[in-house]
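# Coordinates in review
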Amino acid sequence: MGKYKLGIGLGMGYGQPNERVVKAVAAAGFDACFTGWVEGGDVEGWANGIARAGLIYQSIHAPFGKVDKMWEEGDEGDAVTDMLIACVNDCAKVDVPVMVVHPIIGMDKHDPTDLGIARFARLVEAAEKDGVKLGFENVEGAEYLAKIMQTLGHSSAVGFCWDTGHEMCYNFSADMMALYGDKLVATHFNDNLGMADSNEVTWLDDLHLLPFDGIADWAGIMARIDRHGYAGILTFELTCKNKPNKHTHDAYAAWTVETFAAQAYARAVKVAALGK
Ligand SMILES: [Zn+2]
């Protein structure tokens, strides 16, 4: 099998206990996994469980529900910054090398501010101190990622997390790797059907399907990975959950988490085989 280690996010949407999901992922053949994070959560317990299963704890996905506040005046933005710093500290505590961060949330937002950059600079400083890489992810509102990369990209703690699905449904298929591929520290590989309406960017198009169940060009994706000499883990971010009033995931929802993990691994192997 190719040179890439393969990982997957544990949040696959089956609502099963963490231990069962970790076991399913290891049994499927994956080398690595990532998790979300909650303030005050038992990150050491998770790390121990992941290690016991023989998996690498590749990254923690930081919360992003209020990350837009970081760009706006007010105490809430400071509180969100402090929360992200606590998440960085937890990564360091359990030797997780990468924290994935969304630069923004909100389809109608397009105005990155200096205040936001000042707050992200505080986060970057904490990451530098802790030896954790921040994987800033391509999401909606690409202006925010661009501003962070322009102003803070000189830091060795600032990296890029490439979400292949977001590129198609949020970034109008602009080549994010051409912009930030040299800073790649993590991948969120997933598939979707592109934009249902080519004029409207919507969360409803962000399907996170298994590779080859959508329209992503996986050979092209792996060619871009190889072009940038990425040697890290290929991580997949997939869900069994339908978006409201959609049925794209009905087949997955009928599976167990064990079947889903096994299917995901088979697809991941197929994707990795397209690389050099
Ligand atoms: Zn993602």
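None of these values were measured; they are calculated from a predicted model. (Residues numbered from 1 in each chain as written. Predicted model: local features only at pLDDT ≥ 70, side-chain atom pairs only at ≥ 80, totals over all residues.)

This part takes up the environment of Met 177. Checked against the element boundaries, Met 177 lands in helix H7 (residues 176-180). Under the C-beta neighbour-count criterion, Met 177 is labelled buried, with 21 such atoms within 10 Å. Along the backbone, Met 177 and Asp 197 are 20 residues apart, and their C-alpha atoms lie at a distance of 24 Å. Those residues within four positions of Met 177 in sequence are excluded, and the remaining contacts are Trp 162, Arg 224 and His 228. (Helix = DSSP H or I, 4+ residues; strand = E, 2+ residues; numbered from the N terminus. Buried ≥ 20, exposed ≤ 12 C-beta atoms within 10 Å, placed from the backbone. Contact = placed C-beta atoms within 7 Å.)

As a further point, take helix H1 (residues 18-28). Those residues of H1 that fall on the buried side of the exposure criterion are Val 21, Val 22, Ala 24, Val 25 and Ala 28. Looking straight down H1, one finds its buried side chains confined to an arc of 160 degrees; they lie on one side. The inward-facing, buried residues of H1 contact strand S1 (6-9), strand S2 (32-35), helix H2 (43-52) and helix H10 (257-272). Backbone geometry just downstream of H1 places Gly 29 in the positive-phi region, at approximately 120 degrees. (Arc of directions from axis to C-beta.)

In contact at an axis separation of 9 Å, helix H3 (residues 75-93) and helix H4 (residues 114-130) are set at 15 degrees when each is read in the N-to-C sense. Here H4 runs roughly parallel to H3, going by the angle between their axes. Read as a crossing pair, H3 and H4 show a hand that is right-handed. In contact with Gly 77, Thr 81, Leu 84, Ile 85, Val 88, Asn 89 and Ala 92 of H3, H4 contributes Arg 119, Arg 122, Leu 123, Ala 126, Ala 127 and Asp 130. Looking at side-chain class alone, the contact of H3 with H4 contains seven nonpolar, three polar and three charged residues. (Axes fitted to C-alpha atoms, helices over the stretch in contact; angles between N-to-C directions. Parallel < 35°, antiparallel > 145°, perpendicular 65-115°, else oblique. Left-handed = near helix turned anticlockwise from the far one by under 90°. Nonpolar A, V, L, I, M, F, W, Y, C, P; charged D, E, K, R; others polar.)

Moving on, we come to the nonpolar core. Soluble globular proteins tend to pack their nonpolar side chains together in the buried interior. Core analysis: the biggest nonpolar cluster contains 86 residues, and Val 25, Cys 33, Val 88, Met 99, Leu 134 and Ala 264 have the highest contact counts within it. Here this core gets six residues from one element, more than from any other, and that element is H10. (Core = buried A, V, L, I, M, F, W, Y, C linked by C-beta atoms within 7 Å.)

This brings us to the packing of H4 against helix H5 (residues 142-152). At their nearest, the axes of H4 and H5 sit 11 Å apart, and the two run at 60 degrees to each other. By the angle class used here, H4 and H5 are oblique. Crossing hand, H4 versus H5: right-handed. Along its contact with H4, which presents Ile 117, Phe 120, Ala 121 and Val 124, the element H5 presents Lys 147, Ile 148, Thr 151 and Leu 152.

Interpretation in functional terms is not warranted from these geometric data alone.
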